[in-house]
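Take a look at the letters that make up each chain.
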Amino acid sequence: RNNQVSLDIIKVLIEACHRDLNLFSKYVVRILNMVLDTKDVQLINLTCETFVVFANYHDGSTLGVDSELTVDYERLVQKFATFYDPSDNDDQQTTQLRYIGQRAMHAAVTSPALYASDFATQVELIMPPLITALANIGHPVDSTKTGPAPTNIHTGTVDKNTVDLLATNTFVLIFNKANGSAVRATLKPLFTFFDTNQKWWPSNLATSSMELVLDSLQPQFRYMLVSELLQQLESSKSGGENYMNEKSASIITTLDRLLNANIPLVGISVLEVLNSLFTHLVKSLSGHMSSSDTIAQQLDPNHNPDSEEMTIEYAVNHGLVHSIGGLASQIYYQNQLNDITGYIITKLRVGTALDQVDGLPVVQYRRIALKCLNLILSGTKQTAETDDHDNQAYPTSVSLDVWIPAFGLLTDRQSETRVDIADALIRYLDETSKNSDEEAELLSSGGSASGAAACQRAAAALVVEWLDMIADFYGINRLKEYIDRIKRERILAREYSSVFLPETADRLAGVSSFEDVERGNTKTVECFVDRHLIVEIFSKDSPLRDEEDTHGLDLESKLYAEWGSEVFVSHERSFRIRTSRNMDDLKPKLTIPWSSTDYNASIFICTSCKDSFKNPKIMVVC
């Protein structure tokens, strides 16, 4: 009872004097450490409640400064962490202790002291009970069903589901608070747990845990999870380049799920990830596959392995190929799809005369690359079908120019290669034609056709209005008469945009777009401005030509220059005014032939006029 009263006093003292907590925080931590050694569940529960209050107010400013406090605080967190018993014992006392431990971990994660001192050390103490709880749940974690963290339940009413739910919420919270290097520090104990306890395979736990991490991380740090998994994949190869192990299979399965999860990975280096995945794929297949049929079987999404070994091989090979396809499902910059496709096409080694590439027969090597290419095209199709606004800001199809280097394979000496590249091209052209047909169908519909025609009439009318303005400004009567005639003809033929007509000005103020002004008018412009006549008027009848251009030939050549041509570019060059002589030679300078300071005895010569002066002041005036 005395201990209970002492803990109540400490808790009230912290709440009342939290501004001065640093004056007695060391002694609070020591007392809590002592009470935890009593092994009394009621006292341990009160200690946890006191620690929750302490963690809420303790900013950690004295951690790292006071070494004794730092050691005692880390020991206290470690004691709470050990209360989570990983055994299958589900009696009431064990469940209560597990809840107490998880509640203390939640308090430590929400405390400002987590980032105040050695973050990595605290995380290594906090993460093991959280991961152990996830592993003991017995089913993949669903982050959408975690719910709020139940931190205010009395230990007498606690059950296993409450403990698991609290552990999951704390797991989500610690990754949500992580930023920058803290992400790597938080992932490290997670990977260590899978390595130490051999929990990589089956991959359900690892994959579901990583998906939970991906959902928990702040969007700007999600790409770091992919980078860390790729580093783990590099270190998982047993015996040199042997990828056929449980850890590699689990990591690749996880990467497959993450890259195809339709969750943006802003900041990811797409080409670096692509290069890493393709390199791993080729090395994996070159070490275990020998025939085209076997490779095709391994890459077949409908393949059903009949043994544990074949399951791992299938998870590695198919997972890598499918991960490459997933890179095309999210668009982060303008030329991403072209860059991804171009990278794979360069891997086709069109001009090589080698029989083997990277340990694989060249036919099989190209088949692997084309398989990746087909999945990338499938990924672009899925991207085009999504409603993601960010993706729609960039092209969702591959340019035909990217395919040109691959056309040489259509005449390759190997018939298998010719068939494979032809199949890939047909697939690409089919998708392209479907997109074109959809666009044509869209344009042929009533509303879309009306909008396209309205845009064309508006663009053509804009040219006429600009020429009309130029004619009025410079007083070019011949141009004014010609533009007025063009405008009358278009208006009579309903080819002129009503946007520029006075009677539509008031109506335009009440509509959302100028297509609404001419809804139903699908006529396009057929009466265009005569460029040759306009050039003739400008070069002969306008005051726009230079004084030296007497006959207007120079202006005429400029007006006939095609956009983007060398002639056009030469006319666009800017010129700077510069002197033809070095002005430094014209500046007056003092020439003192003798070192004497007697002006009467010295003669000064002006470098400009070469006259002699005895007084330098007179020379400066000169």
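If you're wondering where the values come from, they're calculated on a predicted model, not measured in any experiment. (Residues numbered from 1 in each chain as written. Predicted model: local features only at pLDDT ≥ 70, side-chain atom pairs only at ≥ 80, totals over all residues. Heavy atoms only, no water.)

Honestly, the overall build of the protein chain in this entry has me stumped. Any pointers?
Of regular secondary structure, the protein chain possesses 25 helices and 4 strands. Looking at the protein chain residue by residue over its 622 residues, the buried ones come to 43%. Within the protein chain, contacts between residues at least 6 apart in sequence are counted, and of these 67% link residues at least 24 apart. When the accessible surface of the protein chain is summed, it comes to about 32,900 Å², and 52% of that surface belongs to carbon and sulfur atoms. (Helix = DSSP H or I, 4+ residues; strand = E, 2+ residues; numbered from the N terminus. Buried < 20%, exposed > 50% of the residue type's maximum accessible area, 1.4 Å probe, protein only. Contact = heavy atoms within 4.5 Å. Areas by Shrake-Rupley, 256 points an atom, 1.4 Å probe, with all protein chains shown as cover.)

Teacher, can you tell me more about helix α5 (residues 92–110) here?
For α5, built from 19 residues, the straight-helix expectation of 27 Å at 1.5 Å per residue is met to within 8% by its first-to-last C-alpha distance of 27 Å. Burial analysis of α5 places 16 of its 19 residues in the buried class, the great majority of the element. (Expected span 1.5 Å × (residues − 1).)

Can you help me understand the nonpolar core in this one?
Proteins that are soluble and globular tend to have nonpolar side chains buried together. Core analysis: the biggest nonpolar cluster contains 134 residues, and Phe51, Phe80, Phe171 and Trp403 have the highest contact counts within it. With sequence-adjacent residues up to four places away left out, phenylalanine 80 is seen in contact with Leu36, Thr47, Cys48, Phe51, Ile100, Gly101, Ala104 and Met105. By size, the runner-up hydrophobic cluster in this structure holds 16 residues, among which are Ile470, Ile476, Tyr482 and Leu501. (Core = buried A, V, L, I, M, F, W, Y, C linked by side-chain atoms within 4.5 Å.)

I'm lost on the pattern of salt bridges in this one. Help?
When their charged atoms lie close together, side chains carrying opposite charge are able to pair. Counting across every chain of the model gives 22 salt bridges. A salt bridge links arginine 257 to glutamate 211, with the shortest nitrogen-to-oxygen separation between them at 3.1 Å. Of this pair, arginine 257 sits in helix α11 (residues 246–259) while glutamate 211 sits in helix α9 (residues 204–216), and the two are 46 residues apart along the sequence. Its relative accessible area of 42% is what places arginine 257 among the partly exposed residues. A salt bridge links arginine 485 to glutamate 489; the nearest nitrogen and oxygen atoms lie 3.5 Å apart. Pair noted here: arginine 485 and glutamate 489 are both in helix α20 (residues 477–492), with a separation of 4 residues, about one helical turn. Residue arginine 485 is classed as partly exposed on the basis of its relative accessible area, which comes to 37%. Each member of the salt-bridge network shares a partner with another, and the members are Lys26, Arg30, Asp66, Glu68, Asp72 and Arg75. (Salt bridge = Lys/Arg side-chain N within 4 Å of Asp/Glu carboxyl O.)

What's the story with unusual backbone geometry in this structure? I'm lost.
Glycine aside, a negative phi is what most residues show, and trans is what most peptide bonds show. At the junction of tryptophan 201 and proline 202, the peptide bond is cis and its omega measures out at -5 degrees in the coordinates. Structurally, proline 202 is set in the loop between α8 (181–196) and α9. Look at glutamine 198: it is not a glycine, yet its phi comes out positive at around 50 degrees. Structurally, the position occupied by glutamine 198 is in the loop between α8 and α9. Taking the relative accessible area as the measure of exposure, glutamine 198 reaches 67% and is therefore exposed. Here arginine 349, not a glycine, exhibits a phi torsion of approximately 50 degrees, which is positive. One can find arginine 349 in the loop between α15 (336–346) and β1 (356–357). A residue is classified by how much of its surface remains accessible, and arginine 349, at 31% relative accessible area, is partly exposed.

I keep staring at empty space enclosed by the protein and nothing clicks. Help me out?
In this approach a probe as big as a water molecule rolls over the atoms, and the regions it shows empty are the leftover space. Evaluated as defined, the whole model comprises 2 cavities of 30 Å³ or more. Of the voids in this model, the largest cavity is the one considered here, and its volume is about 60 Å³. Along the walls of the largest cavity sit Leu259, Ile263, Leu265, Ile268, Gly326, Leu327, Ser329, Gln330 and Tyr332, which together make up its complete lining. Of the residues that constitute the lining of the largest cavity, the class distribution is 6 nonpolar, 3 polar and no charged. As a volume, the second largest cavity reaches approximately 50 Å³. Every residue along the wall of the second largest cavity is listed here: Tyr84, Asp90, Thr95, Arg98, Lys160, Val163 and Asp164. (1 Å grid on protein atoms, 1.4 Å probe; cavity = no way out; pocket = protein on both sides within 12 Å on 5 of 7 lines; lining within 4 Å. Points joined across faces, edges and corners; volume = space filled by probe spheres on them. Nonpolar A, V, L, I, M, F, W, Y, C, P; charged D, E, K, R; others polar.)

Mind showing me how you'd approach the side chain of threonine 170 here?
Locating threonine 170 in the fold gives a position in helix α7 (residues 160–177). A polar contact is formed between the side chain of threonine 170 and the backbone oxygen of leucine 166, at a distance of 2.8 Å. Beyond its immediate stretch of four places on either side in the chain, threonine 170 contacts Gln102, Met105, His106, Val109 and Leu130. (Polar contact = N/O pair within 3.5 Å; in protein donor to acceptor, adjacent residues only side chain to side chain.)

So what exactly am I meant to see when it comes to the environment of glutamate 234 here?
Locating glutamate 234 in the fold gives a position in helix α10 (residues 223–236). The spatial distance from the C-alpha of glutamate 234 to the C-alpha of histidine 280 is 8.7 Å, given a sequence separation of 46 residues.

I would appreciate a short explanation of the packing of aromatic side chains in the present structure.
To describe a pair of aromatic rings, one takes the distance between the centres and the angle between the planes. Applying the stated rule across the entire model yields 12 aromatic pairs. Here a set of aromatic residues connected by ring pairs shows up, and it is made of Phe51, Tyr73, Phe80 and Phe83. A cation over a ring is seen here: arginine 98 above tyrosine 84, with NZ or CZ 5.3 Å from the ring centre. (Phe/Tyr/Trp six-rings, centres within 6.5 Å; stacked < 30°, edge-to-face > 60°. Lys NZ or Arg CZ within 6 Å of the ring centre and 35° of its normal.)

What's the story with the packing of helix α3 (residues 41–57) against helix α4 (residues 67–81) in this structure? I'm lost.
Helix packing for two helices is described by the angle between their axes and how far apart those axes are. At a closest axis distance of 12 Å, the pairing of α3 and α4 adopts a crossing angle of 130 degrees. When the axes of α3 and α4 are compared, the pair comes out oblique. As α3 packs across α4, the resulting crossing turns out to be left-handed. Residues Thr47, Cys48, Phe51 and Phe54 of α3 form the contact with α4, whose participating residues are Tyr73, Leu76, Val77 and Phe80. Its residues assigned to classes, the contact of α3 with α4 comprises 7 nonpolar, 1 polar and no charged. (Axes fitted to C-alpha atoms, helices over the stretch in contact; angles between N-to-C directions. Parallel < 35°, antiparallel > 145°, perpendicular 65-115°, else oblique. Left-handed = near helix turned anticlockwise from the far one by under 90°.)

How do you make sense of the packing of α7 against α9 when you look at a structure like this?
Direction vectors running N to C along α7 and α9 enclose 50 degrees, while the axes themselves pass 8 Å from each other. In this view, α7 runs oblique relative to α9, as classed from their interaxial angle. Relative to α9, α7 is oriented so that their crossing is right-handed. The segment α7 lies against α9, with Thr168, Phe171, Val172, Phe175 and Asn176 engaging Ser209, Leu212, Val213 and Ser216.

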